[in-house]
Structures are given as structure tokens and as C-alpha cells.
Amino acid sequence: MPELIVRTAVPADEAALGALDRRTWSPLHSVQPRPEPPYDPFFDAWHIPDDFLVAVVDGRIAGYLRLVRPTPLDCNAHVRQIQGLAVDDRVRGRGVARALLAAAVDRAVAEGAERMTLRVLGHNAPARRLYESAGFRVEGVLPGEFRLEGRYVDDVLMGRGLNGVGEDD
């Protein structure tokens, strides 16, 4: 079994993360157009290294998860939102996404968060199953929110409580 480490991104990860992001782009999970050269930087003023957890398998970046506060409002400071998750095809099915999700929950709890949320495209059944297996539940659906490749696609809002807060049993 390959060694898997999850850590916070550092500025030196930019090239590897940008390449991973381009390799994993798919209309299954992205509402952005396919990246074309010249490529935008992976990190910018709104996407800083501290926002990203990276999975490293056998010394190579194999995935990332972006975890942020959904708004700068104090009344929303108890929530963390996943705003991106990507795993390299070479390590799919080896628990990388689950490790990133577990690390995100740990980080959110350490930061004092009580809830986690995310948005996933309705037709992305594999991601929805992954999130449900990690305790996320559908909390809302925006029908036909996006038009991708000529099809209307739902935007599914999912969330979960942390440490028993906001969880329905």
C-alpha cells in the first residue's frame, strides 16, 4: 500500500496542483470551462495555500481539497465549506478522497467549526455517494442551476454537523 500523507499546501505546490487540476477537469464536477493555455495561477488572492489540504502519495501530490469559510460574516464563522476536491486518476479507489475528507473534518473541528457544507452537481453520482458515506446529507437542490454541455444540471447543497452539532439522529 502506498504511503499517504495529508498536509496543508505550501506555495511550492502550485505547479503540481495546477497540473492536477487541469488533468482532473471534467464536466461531471466543474462548472468552469475546460482550462486552456495560458493557465491562470492555481493560487491567487482568493485561493491561498492555507485553504488547501493536499494528499501526497509516494512523494507526489495526488489530490487536494479546498476548505474555507463560506462567507466573511461573523454569524457564519461556525461553518466550513468544501469548495473543491480532486484526486488523480492514478490513485483513485485507494482512499485518497476519504483521507482528504477526514482531514477536512479534523481541521474544521480544530478551527471551532460546528458545520460543514458543500455543493455538488446533481449528475455527479460518485461524488454524492462519497459525501453521503462521510455523513453529508442533501439539504437543498437548485434545479437546473447550470447549463453544461447543453444539459441543465442541478446544484445539490449538502451539509453535516460536526461533533454532534446540527446532526439529526
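Everything that follows concerns the structure shown earlier in this document.
Remember, predicted model here, so these are calculated numbers, not experimental data. (Residues numbered from 1 in each chain as written. Predicted model: local features only at pLDDT ≥ 70, side-chain atom pairs only at ≥ 80, totals over all residues. Heavy atoms only, no water.)

### Digging into the sheet that holds strand β6 (residues 137–148)
Read across the sheet, 7 strands follow the order β1-β2-β3-β4-β5-β7-β6 without closing on themselves; strand pairing throughout is mixed. Each edge of the sheet is formed by a strand with only one pairing partner; in this case those strands are β1 (4–8) and β6. Here the strands of the sheet are splayed against their neighbours by 25° on average, with no regard to which way each runs. Pairing between strand β3 (residues 60–68) and strand β4 (residues 79–87): 5 bridges, direction antiparallel. For Gly63, the partnering residue across the bridge sits in β4 and is Val87. Contacts between helix α3 (residues 125–133) and the sheet are confined to β4, β5 (115–121), β6 and β7 (151–161), with β5 contributing the most and set at about 165° to the helix. (Pairing = 2+ DSSP bridges. Helix = DSSP H or I, 4+ residues; strand = E, 2+ residues; numbered from the N terminus. Axes fitted to C-alpha atoms, helices over the stretch in contact; angles between N-to-C directions. Contact = heavy atoms within 4.5 Å.)

### Some details on the pairing of β4
Pairing geometry for β4 and β5, over 4 bridges, is parallel. Paired with Val79 across the bridge in β5 is Arg115. Note on the crossover from β4 through helix α2 (residues 96–110) to β5: the handedness is right-handed. (Right-handed = clockwise from strand over helix to strand, strands pointing away.)

### A short note on unusual backbone geometry
The omega torsion across Pro37 and Pro38 is -5°, close enough to zero to call that bond cis. Counting through the fold element by element, Pro38 comes out in the loop between α1 (14–24) and β2 (52–57). The phi dihedral of Asp58 falls on the positive side, at around 50°, and the residue is not glycine. Looking at where Asp58 falls in the secondary structure, it is placed in the loop between β2 and β3. Residue classification places Asp58 among the exposed positions, given a relative accessible area of 53%. The phi dihedral of Glu149 is positive, around 50°, even though this residue is not glycine. With respect to the helices and strands, the residue Glu149 is situated in the loop between β6 and β7. (Buried < 20%, exposed > 50% of the residue type's maximum accessible area, 1.4 Å probe, protein only.)

### Observations concerning α1
Within α1 the residues assigned to the buried category are Leu17, Gly18, Leu20 and Thr24. One face of α1 carries all of its buried residues, which in axial projection span an arc of 165°. Among the structural elements, β2, β3 and β4 are those in contact with the buried residues of α1. (Arc of directions from axis to C-beta.)

### Points about the pattern of salt bridges
What the rule picks out here adds up to 8 salt bridges. Among the ionic pairs, Arg23 bridges to Asp88, the shortest N-O distance being 2.7 Å. In this pair, Arg23 is assigned in helix α1 and Asp88 in the loop between β4 and α2, connecting sequence segments 65 residues apart. Overall, Arg23 belongs to the partly exposed group, its relative accessible area being 47%. Put simply, Arg90 and Asp88 hold a salt bridge, and the shortest N to O gap is 3.6 Å. Exposure remark for Asp88: the relative accessible area of 7% places this residue in the buried category. (Salt bridge = Lys/Arg side-chain N within 4 Å of Asp/Glu carboxyl O.)

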